[in-house]
Amino acid sequence: MKVTLRQHRRMRTLDSEELLLRELEQYPRKKINKDDVHRVAKMVNEYQGKIKAYLHEQQEKKASRLDRFADRVAIFGGSWWFVAILALVLMIWLIMDSGRTSMFMLSFSLSIFTAFQAALIQLSQNRQAAKDKQEQMLDIAINYKAEQENLEIQEMLNEINNRLTDLEKKLEEDG
């Protein structure tokens with residue numbers, strides 16, 4: 001089953017909303033509604049989306065014409081249009097000329113075509129793998145940064161809690 005980019009983003013949004021909701025349910029004193037969770041999850045996804053869009057833009061600036069050509073060949077070579085056009089060309093070839101030398105030329109032409117197409121598709125896949133690796137590193141960096149911020153907030157909350165406890169003790173002693 002192929003998942004579109006929009007479906008993938010929607011699934012990630014739902015996943016992040018569910019995770020955030022579970023996390024916030026641990027704190028029953030403050031009621032958090034689903035609209036708040038949706039709003040926060042949307043902000044996180046927009047932030048990641050902006051960074052990924054910037055990275056994609058930078059990668060496209062670095063890409064040469066040949067890289068973009070290889071991408072287009074890979075996209076077209078994996079489409080139903082390509083299959084239909086190739087089938088049509090082969091049928092026309094077979095109907096127009098079915099001689100022995102014609103079959104040899106058809107076989108030879110398809111072999112050369114396949115060799116070049118495979119090389120271009122491999123180039124495109126290598127570029128896509130580099131993009132995926134960069135996005136994965138970005139996700140790891142964002143997760144690490146969020147974890148660090150959470151630890152800092154937790155330390156501040158502990159410090160505030162300690163100060164409140166000290167104040168309560170002083171008030172009890174004075175009172």
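Since the structure is predicted, the reported quantities are computational estimates derived from the model, not experimental observations.

Thresholds, definitions, all that
Residues numbered from 1 in each chain as written. Predicted model: local features only at pLDDT ≥ 70, side-chain atom pairs only at ≥ 80, totals over all residues. Heavy atoms only, no water. Patch = residues over 30% accessible without salt bridge, like charges linked within 9 Å, V, L, I, M, F, W, Y side chains within 5 Å. Areas by Shrake-Rupley, 256 points an atom, 1.4 Å probe, with all protein chains shown as cover. Salt bridge = Lys/Arg side-chain N within 4 Å of Asp/Glu carboxyl O. Helix = DSSP H or I, 4+ residues; strand = E, 2+ residues; numbered from the N terminus. Buried < 20%, exposed > 50% of the residue type's maximum accessible area, 1.4 Å probe, protein only. Polar contact = N/O pair within 3.5 Å; in protein donor to acceptor, adjacent residues only side chain to side chain. Contact = heavy atoms within 4.5 Å. Axes fitted to C-alpha atoms, helices over the stretch in contact; angles between N-to-C directions. Parallel < 35°, antiparallel > 145°, perpendicular 65-115°, else oblique. Left-handed = near helix turned anticlockwise from the far one by under 90°.

### Let's talk about a nonpolar patch on the surface
Piece 1. On the surface, Ile153, Met156, Leu157, Ile160, Leu164 and Leu167 cluster together into a nonpolar patch covering about 580 Å² of accessible area.
Piece 2. Along the chain, Leu157 falls in helix α5 (residues 100-174).

### Observations concerning the side chain of Ser102
Piece 1. Within the secondary structure layout, Ser102 lies in helix α5.
Piece 2. Accessibility expressed as a relative area gives 6% for Ser102, which makes it buried.
Piece 3. For Ser102, the side chain forms a polar contact with the main-chain oxygen of Asp97, separated by 3.0 Å.
Piece 4. Leaving out residues up to four positions away in the same chain, Ser102 has contacts with Trp93 and Asp97.

### A word on the packing of helix α4 (residues 80-96) against α5
Piece 1. Orientation of α4 relative to α5, taken along the N-to-C sense of each, is 160°, at an axis distance of 11 Å. On the basis of the axis angle, α4 is roughly antiparallel to α5. Pair α4 / α5 crosses with right-handed handedness. In this structure, α4 uses Phe82, Leu86, Leu90, Trp93 and Leu94 to contact α5, whose residues at the interface are Ser102, Met103, Met105, Leu106, Leu110, Phe113 and Gln117.

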